[in-house]
Amino acid sequence: MIPSPSPRLAVIVVAAGSGTRLQGGAPKAFVPLDGDSILRHSLRGVLAAPQAQVVLVVPEGFRDAARADAQAVSGDRGDAVRIVVGGRTRQESVAAGLSALDADIELVLVHDAARALTPVSVFERVIDALRGGAPAVIPAVPVVDTIKRVDENGVILAAVDRSELAAAQTPQGFRRDVLEAAVAAADADHTDDAALVAAAGHHVMTVAGHADSFKITTAPDLERARGLVAPRPLAAPRIGIGTDVHGFGGEGTLWLAGLEWHGEQALSGHSDGDAVAHAIVDALLSAAGLGDIGTHFGTDRPEFSGAHAEAFLSHTVGLIEAAGWRVGNVSVQVQANRPRFAARRVEAEQALSRALRGAPVSVSATTTDGLGFTGRTEGVAAFAIALVLPR
Ligand code: CTP
Ligand code: MG
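Quick look at the domain arrangement of the protein now. Domain boundaries in the protein define domain 1 (8-229) and domain 2 (238-390). A C-alpha centroid distance of 62 Å is found between domain 1 and domain 2.

For the pair helix α1 (residues 38-48) and helix α2 (residues 63-74), the least separation of the axes is 9 Å and the interaxial angle reads 50°. One element, α1, and the other, α2, form an angle in the oblique class. The chirality of how α1 crosses α2 is right-handed. Here Leu-39, Arg-40, Leu-43, Arg-44 and Leu-47 of α1 come into contact with α2, specifically with Ala-66, Ala-68, Asp-69, Ala-70, Ala-72, Val-73 and Ser-74. For the contact of α1 with α2, the per-class residue count stands at 8 nonpolar, 1 polar and 3 charged.

This paragraph deals with the site of ligand 1. Close to ligand 1 lie 18 residues; Val-14, Thr-20, Lys-28, Ser-93 and Lys-215 are nearest. Residue Val-14 places a main-chain N or O atom 2.8 Å away from an oxygen atom belonging to ligand 1. Ala-114 is positioned such that a nitrogen or oxygen atom in its backbone is 3.2 Å from an oxygen atom of ligand 1. For ligand 1, whose accessible area on its own is 560 Å², the fraction buried by protein is 88%. Judged by the fraction of its atoms near the pocket grid, ligand 1 is located in the largest pocket.

This part is about the layout of surface pockets. Counted as a void, the largest pocket has a volume near 720 Å³. Lining the largest pocket are 32 residues, and of these Gly-17, Arg-21, Lys-28, Arg-90 and Lys-215 sit closest to its centre. Partitioned by chemical class, the residues of the lining of the largest pocket number 9 nonpolar, 14 polar and 9 charged.

A separate point is the sheet that holds strand β15 (residues 379-390). Judged by pairing direction, the sheet is mixed, and its 5 strands sit side by side in the order β12-β11-β15-β13-β14 without closing on themselves. Of all the strands in the sheet, just β12 (259-267) and β14 (361-366) have a single pairing partner and so form its edges. Each strand axis lies, on average, 35° off the axis of its neighbour in the sheet, ignoring direction. Across 10 bridges, the pairing between strand β11 (residues 238-256) and β15 is antiparallel. Bridging across to β15, Gly-240 finds its partner in Ala-386. Along the sheet, helix α8 (residues 275-287) contacts β11, β13 (325-335), β14 and β15; its crossing angle with β11, the most-contacted strand, is approximately 160°. Against the sheet, helix α11 (residues 345-355) touches β12 and β14, its axis set at about 140° to β14.

Thresholds applied
By convention here, each chain's residues receive numbers from 1 onward along its written sequence. The naming scheme follows written order: chains are lettered A onward, ligands numbered 1 onward. Whole-chain, interface and lining totals are the exception, using all residues; otherwise, since this is a predicted model, local features are given only for residues with pLDDT of at least 70 and side-chain atom pairs are given and counted only at 80 or more. The side-chain figures draw on all heavy atoms in the structure; neither hydrogens nor water molecules are used. Where each domain starts and ends comes from a domain assignment, either automatic or drawn from a database. To define axes, lines are fitted to C-alpha atoms, for helices over the stretch in contact only, and angles between the resulting N-to-C directions are given on a 0 to 180 degree scale. Where helices and strands are cited, they refer to DSSP runs of H or I of at least four residues and of E of at least two residues respectively, numbered from the N terminus. With respect to orientation, any angle under 35 degrees is reported as roughly parallel, any angle over 145 as roughly antiparallel, any angle of 65 to 115 as roughly perpendicular, and every other angle as oblique. Helix crossings are classified by the rotation of the near helix relative to the far one: an anticlockwise turn of less than a right angle makes the crossing left-handed, while a clockwise turn makes it right-handed. Between two residues, a contact is recorded if the distance between any of their heavy atoms is within 4.5 Å. Following the grouping adopted for this structure description, the nonpolar residues are Ala, Val, Leu, Ile, Met, Phe, Trp, Tyr, Cys and Pro, the charged ones are Asp, Glu, Lys and Arg, and the polar ones are all others, Gly among them. Each residue is tested against the molecule or strand, and it is near if at least one of its non-hydrogen atoms lies within 4 Å. Whenever two N or O atoms come within 3.5 Å, that pair is a polar contact, provided that in protein one can donate a hydrogen and the other can accept it, and provided that, for residues adjacent in sequence, both atoms are side-chain atoms. Surface accessibility in these figures is a Shrake-Rupley result with a 1.4 Å probe; residues are shielded only by whichever protein chains are displayed. Detection works on a 1 Å grid of protein atoms alone, calling trapped sets that fit a 1.4 Å probe cavities and calling open sets with protein on both sides within 12 Å along at least five of seven lines pockets, with lining residues defined by an atom within 4 Å of a point. What decides whether a molecule sits in a cavity or pocket is whether more than half of its atoms lie within 2 Å of the grid points. Grid points are joined across faces, edges and corners, and a volume is the space filled by probe spheres set on the points. Two strands pair under a simple rule: DSSP has to find at least two bridges between them.

The structure is reproduced here in structure tokens:
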């Protein structure tokens, strides 16, 4: 048996209100959130959801503005959005939208343009319930405030049991025949379509709505929406510099750049005198704004006496990660007559990189034309630059 194609679905976006409570200087849907209007943001959510047809209901005189918004959001598909003029009430605007549906549409979602930030997941939940056979389904969220029934003077008449309450949102989904019959039979004005359909005697089910799907109604709502769409400042990477010098004259063999150099004279120092590793530690700590090597590895730390590069570097990575950073890369230059780095440069880079949990390390080496203490082979100098990135 050939499966029947799934019923075609349309979304009617009602955007024909004037926004009297918002007082935004334009009909509400055309008030800007950032560079984009409320309507543009709503259309993004609508067009991200699976649908066959979109009908946009706008105030008289705003067809062109709406067309521009539709095109800005959907590019080539902008022409596929049908635009009609709404009525005096929301219900009349919904009726205007219904009259513009293609003949073969069987399922209809009605969405408030004023819910500009409705996540696509809410559309999907409503659509899934409709496709699953529900004739009427709306997204709803639990009511968090304690609710009272009050008289016209604001005096409390009764408490209302919150557990029985839910706040209705949109998109509200219906079988087309159910919604059309309810609209045709309406003898009162309802603020949402579920009320209309319920008044016509249908059960309306709910699925989970979303806090971001709030309706922009007043100025504080607009501020909230603007805050949600405002670009978050990107945490910038940071660089740091470190240098170190050690003189020859230590005990045992030389340790430099994380490697042991047999037959080379050792450097002196509290630890192994690895000037390359110590310069990198200072560069990393300075990039992360965590002080310097003396702050964390002072001579009062016996566990680092005689320690090699691996211990210094891995402890430093731990410190900067705890402060919210990770190592981007490190570049270090050695100034020394001895040892000769050329043959072991890559090996040094790999050893240092391993100690920095895989962050790339570049090592270069130079002599100083016989000048200065390095030129006289009295010691080794190292200069490092490190980049750290927000984790
Ligand atoms: N709506 C509509 N046609 C109307 C009235 C409302 O299409 N005659 C739409 C609004 O554009 C909005 C949604 O219905 O997207 C929900 O209505 P509401 O938040 O009340 O918007 P406004 O009516 O524009 O605002 P206000 O009531 O403050 O004037
Ligand atoms: Mg209104």
